[in-house]
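Take a look at the letters that make up each chain.
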Amino acid sequence: MPQKIVKLTVKDVRFPTSLGQHGSDAMHTDPDYSVAYVVIETDGGMKGYGLTFTVGRGTEVVVCAVKALSGFVVGKTLEEIVGDFRGFYRLLTSDGQMRWIGPEKGVIQLATAAVLNAVWDLWARAEGKPLWKLLVDMSPEQLVSCIDFRYITDALTEQEALGEACCTLLHNSLGSSLSNGTVIKKPIQLMSDYGARFPNHQSRVFLICGFVSLTLSRSLTHSLTHSLSHSHSDLLRKAQTGKTEREEQMLKEGYPAYTTSCAWLGYSDQQLTQLCTDALASGWSRFKVKVGAELEDDERRCRLIRQMIGPDKTLMMDANQRWDVGEAISWVTSLAPFRPLWIEEPTSPDDILGHATISKALAPLGIGVASGEQCHNRVMFKQFLQASALQFVQIDSCRLGSVNENLSVLLMAHKFQVPVCPHAGGVGLCELVQHLILFDYISVSADLNNRMCEYVDHLHEHFTSPVVIRNAHYLPPKDPGYSCEMLESSVETHQFPGGVVWANLLAKAPE
Ligand SMILES: [Mg+2]
């Protein structure tokens with residue numbers, strides 16, 4: 001029975017987080033975590049819930065943009081949409097008139113994310129599965145049929161994306177040395193190492209290593225040809241085996257997380273110390289600290305947190321776009337003694353070449369560059385990856401065009417072998433993005449090395465299926481859908497400006 005979407009509503013829902021300085025950083029000093037909250041309803045009585053994240057003022061503009069898109073959704077059946085999801089994505093993002101206010105960026109892209117998140121939620125509910133499981137159970141062909149490859153074919157084509165899926169399958173069946181090329185790289189590396197150590201015997205060493213390399217290359221080519229000549233279903237069967245094990249591993253252990261809750265910029269040292277103590281007691285081993293306002297403050301706070309967590313735990317730093325390129329390099333160099341794994345958003349989120357310059361300058365210090373929470377589409381991510389401007393890709397469930405666009409970024413990151421560490425926090429971002437990173441591990445990357453998902457301990461109590469964290473890991477959601485649904489009472493009381501929370505606050509506010 002087709003589910004026809006007959007209604008779309010959108011609400012401006014805000015939480016007064018600025019009162020406690022939660023979420024404060026070098027650029028967003030007083031955020032009120034908010035969402036444009038979308039509900040779609042079908043004639044069969046089903047509902048899909050979606051949202052996009054904002055930080056207060058301006059949410060009303062996103063709400064307006066969602067209303068402008070609603071005409072593309074209402075009247076369509078779920079089956080029509082998911083039967084040609086690439087076409088539907090293009091319809092939303094590339095309307096002949098509407099695209100002028102994007103395309104695929106800014107407010108209209110945030111609105112697209114909210115609408116499409118609701119559609120994916122509806123689809124997962126209709127299938128009776130949590131979204132990550134819906135994705136894990138889809139075939140490679142189904143997955144790529146949701147992606148708009150326009151503008152990224154110079155980095156990843158549809159055939160390659162299918163091949164990427166095939167690579168993962170081969171990776172599982174033939175061992176990790178295949179996909180990262182170590183089978184070929186090893187003899188070449190040996191050749192150069194031994195050649196340097198025994199210069200008098202260089203020609204003999206070269207001859208032997210060359211022979212080994214050639215033999216291995218031939219055997220590798222044979223294995224690849226043999227595997228690819230097998231039927232597609234054979235490959236899928238092999239992949240299914242690896243996927244099942246990884247799915248079971250996730251259900252048992254969960255996906256590794258890091259916390260940003262301890263060290264918002266507006267928190268006092270005392271508050272930071274207390275929260276860090278609590279987090280260590282709860283088993284957290286990866287911490288992120290906000291930096292970028294005052295160098296002396298940063299040095300003091302980073303010293304404090306590094307002393308508390310000890311030398312072996314992981315520390316990341318986040319500047320939220322505060323610096324120019326040169327300033328970023330010198331500032332982070334000053335903070336290098338505290339050994340951050342990465343510096344996040346060191347400069348303008350649009351400055352791809354600037355990020356590349358910073359990456360190059362910080363590489364000798366062992367510090368990577370991370371970005372993505374304000375990277376608004378797949379084209380930007382493509383260029384960041386092509387320019388080696390990022391060492392950590394931070395996808396966002398509400399900044400990119402929902403699951404569709406996130407799929408393309410996950411596949412590109414896999415092709416470029418850059419780890420994905422999703423952005424989360426805010427309102428609902430943890431709830432949503434956990435689905436995407438679970439899918440990434442089970443079906444795409446099959447790798448946990450240097451990978452973790454951000455976690456922030458705020459506002460989960462407003463969701464009907466809040467995240468479950470155990471031992472600093474995200475446990476896979478079990479309820480059908482995309483975990484976007486909020487409690488009706490929360491939506492009602494926090495609606496801006498009429499909900500009781502805001503009516504009270506605004507009544508107290510000075511003129
Ligand atoms: Mg950040």
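Fair warning: this is a prediction, and the values are worked out from it, not measured in the lab.

What counts, and where the lines are drawn
- Residues numbered from 1 in each chain as written.
- Predicted model: local features only at pLDDT ≥ 70, side-chain atom pairs only at ≥ 80, totals over all residues.
- Helix = DSSP H or I, 4+ residues; strand = E, 2+ residues; numbered from the N terminus.
- Buried ≥ 20, exposed ≤ 12 C-beta atoms within 10 Å, placed from the backbone.
- Contact = placed C-beta atoms within 7 Å.
- Arc of directions from axis to C-beta.
- Core = buried A, V, L, I, M, F, W, Y, C linked by C-beta atoms within 7 Å.
- Domains from an automatic or database assignment.
- Pairing = 2+ DSSP bridges.
- Right-handed = clockwise from strand over helix to strand, strands pointing away.
- pLDDT = per-residue confidence, 0-100.
- Axes fitted to C-alpha atoms, helices over the stretch in contact; angles between N-to-C directions.
- Parallel < 35°, antiparallel > 145°, perpendicular 65-115°, else oblique.
- Nonpolar A, V, L, I, M, F, W, Y, C, P; charged D, E, K, R; others polar.

Colleague: Can you explain the overall build of the protein? Please cite residues and give values.
Modeller: Along its length, the protein carries 20 helices and 12 strands. Put simply, the protein has 511 residues, and 47% of those count as buried. Sequence-distant contacts in the protein: of pairs separated by 6 or more residues, those separated by 24 or more amount to 74%.

Colleague: Would you mind going over helix α14 (residues 325–335) in detail, with residue names and values included?
Modeller: Buried residues of α14: A328, I329, V332 and L335, and no others. Down the axis, α14 shows its buried residues gathered within 130 degrees of arc, on one side only. Structurally, α14 contributes buried residues whose contacts are with α13 (295–309), β6 (314–318), β7 (342–344) and α15 (352–362).

Colleague: Describe the environment of V444, and please don't skip the residues or the numbers.
Modeller: As for its position among the elements, V444 is in helix α18 (residues 429–445). Linking V444 and H414, residues 30 residues apart in sequence, is a C-alpha distance of 7.2 Å.

Colleague: Please set out the nonpolar core residue by residue, giving values where relevant.
Modeller: A36, V38, V66, A111, A114, V115 and C453 are the most contacted members of the largest nonpolar core, which totals 137 residues. It is helix α4 (residues 106–127) that provides the largest number of residues to this core, a total of 14 residues. Here this core spans two domains, since at least three of its residues come from each of domain 1 (5–133) and domain 3 (251–490). Those residues in contact with A36 that sit more than four places away from it in its chain are V10, D12, L51, T52, T54, T59, V62, V63, V66, A111 and A114.

Colleague: Please set out the pairing of strand β8 (residues 368–371) residue by residue, giving values where relevant.
Modeller: What you see with β8 is no split at all: G368 and A370 on one side and V369 and S371 on the other are buried throughout. As paired elements, β7 and β8 share 3 bridges and run parallel to each other. Each residue of the ladder has a partner; that of W342, found in β8, is G368. Once the chain exits β7 it traverses α15 before rejoining the sheet at β8, and the crossover so formed is right-handed.

Colleague: Could you give an account of the confidence of the model for the protein, naming the residues involved and the relevant values?
Modeller: Per-residue confidence for the protein averages 88 on the pLDDT scale, and 85% of its residues sit at or above 70. Low confidence marks residues 169–200, where pLDDT is under 50. Its contacts with residues over four positions away, or in another chain, come to 40 contacts. Taken as a whole, residues 205–239 scores under 50 in pLDDT and shows 31 contacts with residues more than four places along the chain or in a different chain.

Colleague: Just give me the short version of the environment of S489, but keep the residues and values in it.
Modeller: When you line up the elements, S489 lands in helix α19 (residues 488–494). A count of 9 C-beta atoms within 10 Å places S489 in the exposed class. Sequence separation between S489 and H462 is 27 residues, and the spatial gap between their C-alpha atoms is 8.5 Å.

Colleague: Quick rundown of the sheet that holds strand β1 (residues 5–14)? Include the residues and the values.
Modeller: Read across the sheet, 3 strands follow the order β1-β2-β3 without closing on themselves; strand pairing throughout is antiparallel. Edge positions in the sheet fall to β1 and β3 (47–54), since each has one partner strand and no second. Strand-to-strand, the axes of this sheet are offset by a mean angle of 15 degrees, without reference to chain direction. Relative to β3, strand β2 (residues 34–42) runs antiparallel, the two being bridged by 8 bridges. Counterpart to E41 in the pairing with β3 is K47. The sheet strands contacting helix α1 (residues 59–69) are β1, β2 and β3, and the helix crosses β1 at an angle near 175 degrees.

Colleague: Any chance you could break down the packing of α4 against helix α17 (residues 402–416) for me, citing the residues and the numbers?
Modeller: Running from amino to carboxyl end, α4 crosses α17 at an angle of 95 degrees, the nearest separation of the two axes being 7 Å. In terms of orientation, α4 lies roughly perpendicular with respect to α17. Facing A113, L116, N117 and W120 of α4, the residues of α17 in contact are S402, V403 and N404. Within the contact of α4 with α17, the residues separate by chemical class into 4 nonpolar, 3 polar and no charged.

Colleague: Help me get a handle on α15, residues and values and all.
Modeller: Here α15 has its buried residues at I352, H355, I358, S359 and L362. Buried positions in α15, seen along its axis, are confined to an arc of 120 degrees and lie on one side of it. For α15, the secondary structure elements touched by its buried residues are α14, β7, β8 and α16 (378–386).

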